[in-house]
Amino acid sequence: MLRAPDNVQTLTEERLTTEYLPAAERVARLDGKAIIEVRNFSSYYGSFRALHDVSFQIPERKITALIGPSGCGKSTLLRCINRMNDLVPSFHGEGEMLYHGLDLYAKDVDPVEVRRRIGMVFQKPNPFPKSIYENIAFGPRVNGMKVNMAELVESSLRRAALWDDVKDKLKQSGLALSGGQQQRLCIARALATQPEIILMDEPCSALDPIATLKIEDLMRELAKDYTIVIVTHNMQQAARVADYTAFLMMRPDRAGELVEFSDTDSLFTTPKDKRTEDYITGRFG
Amino acid sequence: MTRELFEKKLREMQEDVLIMGSMVEKAVQRSIDSLRTRDTALSNTVVNDDVAINKKRYEIEEKCIHTIALQGPMAADLRIVVAILFISNELERMADHAEGIARINLMLGEEPLTGPIGDIMLMGEKAAGMLRSSLTAFVERDDAAARRICDEDDEVDALYDASYRALIQEIIRTPQDIERVTYLIWTCHNLERIADRVTNICERVIFMVTGELEEINVSRY
Amino acid sequence: MALHSDYLTPSSPTTLRATGSVARRQAVSRLSRYVLLAATLSGVAVLVYLGYETIAKGWDRLSWGFLTSYPSRFAERAGLRSSILGSAWILGTTVILAIPIAIGTAVWIEEFAPRNKLLTIVKLNLANLAGVPSIIYGILGLAVFVRLMGLGPSILAGALTLTLMILPMTVIASQEAIRQVPPSIREGALALGATRWQTVRHHVIPGAMPGIMTGMILAVSRAAGETAALIMIGAFTFISFDNTGLSPTDSPPFVTPPPLGDDFTTVPVQIYNWTIRPQEAFRENAAAAIIVLMVAILSLNLVAAVIRERFRRHD
């Protein structure tokens, strides 16, 4: 009588590679235009390398997810895109990160200019301790945008699927909202500066499952007009929401690197790299 | 090793498939044996055992559904679970065909058999052999072997062609035996179907290993 | 052999009342509450006693006349008029000088300064300065403001000295308040394309205001009661005019607009002066003056608390 193999993983061992795939194969071709091109990008905090030679493209008006175990550098990579890592004094980046063909890390680039165009939503909702109206108006105001503020506030709240909830209480403090609403307020706030790209750093990890699903629906809605890049440690979320997924891992020297990047379907059903397979199926060692 | 419980469940499900496979293989073997030796008792056994096979299939299906819902299998794990789901379905259909052959044997009564019995038996042996090989390929994750098994289906189809023509000749020669010969034609058909379903199993094995779904052998029937 | 022990939990208890070690531990816990209460009360008791003594002594002396009369050789006619005005002027000036300098310093240290060795030295020194006795500030003020800068023993010199004195504690309190503003707020603002200054101006400083105000009020209360430093500056103990800028005064050659250039006295200095006089009557005056000072400081704290609440509710 035949017996099933003791280690189910014999399925994958011969088939998959344990060698690092060459960059050209590691990264799937995009279906459409790329809005951000990362080329041999490494980042350092002082002499410690946090990201090692990352290269891939972020497609326009799609949702791209960055997944990987803790410490793999996915948040670091995300924050490199809108120059938020500049806040850490010892940080510097090498290589190229092109946005519409312009290098975000060129010498004369002003981070403030970048951040208007590339917005960010954080893990824990962080509305300002001001009114809902003021929260949204802050971004356009400090950027000197000459707009009809009331209209802009309304359209931002509508796009964040929050208008109906708060239209009668714009003067109320942003902190009086529930967690999920606060996060949508932060999204509306980011939308108000008319960005092209919205970066989201684990936007749902502090929220309950229902709020999470609402934000995921919102993401898909927003992806029609904006490019979205999301870091998530929840693989199911990446599987549900993202069009493309990048898998990062920590190297022995503690730097993070890109192991595989492809469309979400392929990555989750037939990954090319064994390390991706191990991570996705939850088998480590 | 992380996910020990999940690994254990996967192993269990695969063993269930093997158990069910061997039950079906036995059913096929017995059905053609009973036809050859005109053993009505054996035919009855086949018919009765089909209940157990159906039950096993539902057991496997339930385990698969539970695993998908609770364990969230991904990548290779997901392909394994989906493959198991389909393979158990194919096995159950094969068992139905074997049961069909056993019933035919019961309906043929005590009369001796005439016609291309040798070819029919050969078809049966080949079909049972293919099933056995396909289960081995499943366990060993051997997609090359799976492809080879599909090629064997051509031989079974050729035997079916020959048998069919011979049986038609029988009808023309002895039209009063038309009922009996028709039963034999059905038997051939069942055996051809069994072999064809084995190729379906092989397709699933290839999918399990490579992630690609291909139609291997388009049946001519 | 049956095992009986406090450590083994019986399979089903017969009672859930506290027994054995549980009862002992609970007793200790209850006792600790009373011990701590006693410690608190002892401190409070001393304060209450002092307050009672003072009020008993000075209550009768309080009157409108007391508040509006100038000091005098005669205890019955001596009053707090000039010292109240002097205190008001000097504290007001101190606050106007101290607030921007303190906030500016704290903001610079926490938000803008490069994180290098110099900053560490600055922060270390600030902490040290907070512990320097006030009379040293008085000597410093005398040398620099009164003599070197030629301001004379004026309100301005006194205010500058007091500003220096309260600067370390207000800067440290403001630093704390600024640090309390969560980094997530700053990140949020910067991620929207705000510059560092915009972030500080619109979010950090308003967010830190309650803490800054608290620190400022505590410091001003401290300054309100300051005696030694001002005596060093040269606060007169016998001022018989109002610092309103209308009375004749020896204006120093340095062009300081009156009343900042005036000679002055303050309530604590006046209290000091009365307490060292031999006559008992003057000590009654002193007690009354203490009551006035206490009431003033308490009202200041009340106002500050209100301001703090307004800042908090505004958001």
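Please refer to the structure placed before this passage.
Everything quoted here is computed from the prediction, not taken from an experiment. (Residues numbered from 1 in each chain as written. Chains lettered and ligands numbered in written order. Predicted model: local features only at pLDDT ≥ 70, side-chain atom pairs only at ≥ 80, totals over all residues. Heavy atoms only, no water.)

K.L.:
Lay out the pairing of strand S2 (residues 48-59) of chain A with the relevant residues and their values.
P.N.:
Residues and elements named next belong to chain A. Bridge analysis of strand S1 (residues 34-45) against S2 gives 8 bridges, and the strand direction is antiparallel. When the sheet's bridge partners are listed, Glu37 is paired in S2 with Gln57. Taken together, S1 and the strand that follows it, S2, pair antiparallel across an intervening segment of 2 residues, in which Gly46 is found at a positive phi of about 65 degrees. (Pairing = 2+ DSSP bridges. Helix = DSSP H or I, 4+ residues; strand = E, 2+ residues; numbered from the N terminus.)

K.L.:
Please provide a residue-by-residue account of the pairing of strand S4 (residues 91-99) of chain A, values included.
P.N.:
All names here are of chain A. The pairing of S1 with S4 spans 8 bridges and is antiparallel. Pairing of Arg39 across the sheet is with Glu96, part of S4. Sheet topology places S4 next to strand S5 (residues 102-103); 2 bridges connect them, and they run antiparallel. Paired with Tyr99 across the strands is Leu102, a residue of S5. As consecutive antiparallel partners, S4 and S5 are separated by 2 residues, and within that stretch His100 has a phi angle of approximately 50 degrees, a positive value.

K.L.:
Before we move on, can you summarise the side chain of B:Lys56 with the specific residues and values?
P.N.:
Among the structural elements, B:Lys56 can be located in helix H2 (residues 40-71). The class for B:Lys56 is buried, based on a relative accessible area of 13%. (Buried < 20%, exposed > 50% of the residue type's maximum accessible area, 1.4 Å probe, protein only.)

K.L.:
Got a sec to walk through the pattern of salt bridges? Specific residues and values, please.
P.N.:
Residue and element names in this part refer to chain B. Using the criterion set out here, one finds 46 salt bridges over all chains in the structure. The residue Glu25 makes a salt bridge to Arg132 at a minimum N-O spacing of 2.6 Å. With Glu25 in helix H1 (residues 4-37) and Arg132 in helix H4 (residues 117-140), the pair connects residues that are 107 residues apart, well separated along the chain. Its relative accessible area of 42% is what places Arg132 among the partly exposed residues. For the salt bridge of Glu192 with Arg193, the shortest nitrogen-to-oxygen distance reads 3.4 Å. (Salt bridge = Lys/Arg side-chain N within 4 Å of Asp/Glu carboxyl O.)

K.L.:
I'd like a rundown of the packing of aromatic side chains, residues and numbers included.
P.N.:
All names here are of chain A. The final tally for this structure, using the stated rule, is 9 aromatic pairs over all chains. Taking the centre distance of 5.1 Å and the plane angle of 50 degrees together, the rings of Phe41 and Tyr105 count as tilted. Note that Phe41 is positioned in strand S1 and Tyr105 in the loop between S5 and helix H4 (111-117), a separation of 64 residues in sequence. Of the two residues, Phe41 and Tyr105, both sit in the buried class. By the ring-pair criterion, three or more aromatic residues cluster together here, those being Phe56, Tyr244 and Phe261. The ring of Tyr133 carries Lys171 above its face, with NZ or CZ at 5.1 Å from the centroid. (Phe/Tyr/Trp six-rings, centres within 6.5 Å; stacked < 30°, edge-to-face > 60°. Lys NZ or Arg CZ within 6 Å of the ring centre and 35° of its normal.)

K.L.:
How would you sum up the interface of chain A and chain C? Please name residues and give values.
P.N.:
At the junction of the two partners, chain A supplies 23 residues and chain C supplies 16 residues. Summed over both sides, the interface between chain A and chain C buries roughly 1700 Å², with carbon and sulfur atoms accounting for 65% of that surface. Our enumeration of links across chain A and chain C arrives at 1 salt bridge. Between C:Glu187 and A:Arg79 there is a salt bridge, with the nearest N and O atoms lying 2.2 Å from each other. Counting every contact that joins chain A to chain C gives 5 residue pairs in polar contact (both at pLDDT 80 or more). Listing elements by their share of the side of chain A that touches chain C, those giving two or more residues are H4, strand S6 (118-121), helix H5 (132-142) and helix H8 (179-191) of chain A. The class makeup of the residues in the side of chain A that touches chain C is 12 nonpolar, 6 polar and 5 charged. (Contact = heavy atoms within 4.5 Å. Buried area = accessible area lost by both parts, 1.4 Å probe. Polar contact = N/O pair within 3.5 Å; in protein donor to acceptor, adjacent residues only side chain to side chain. Nonpolar A, V, L, I, M, F, W, Y, C, P; charged D, E, K, R; others polar.)

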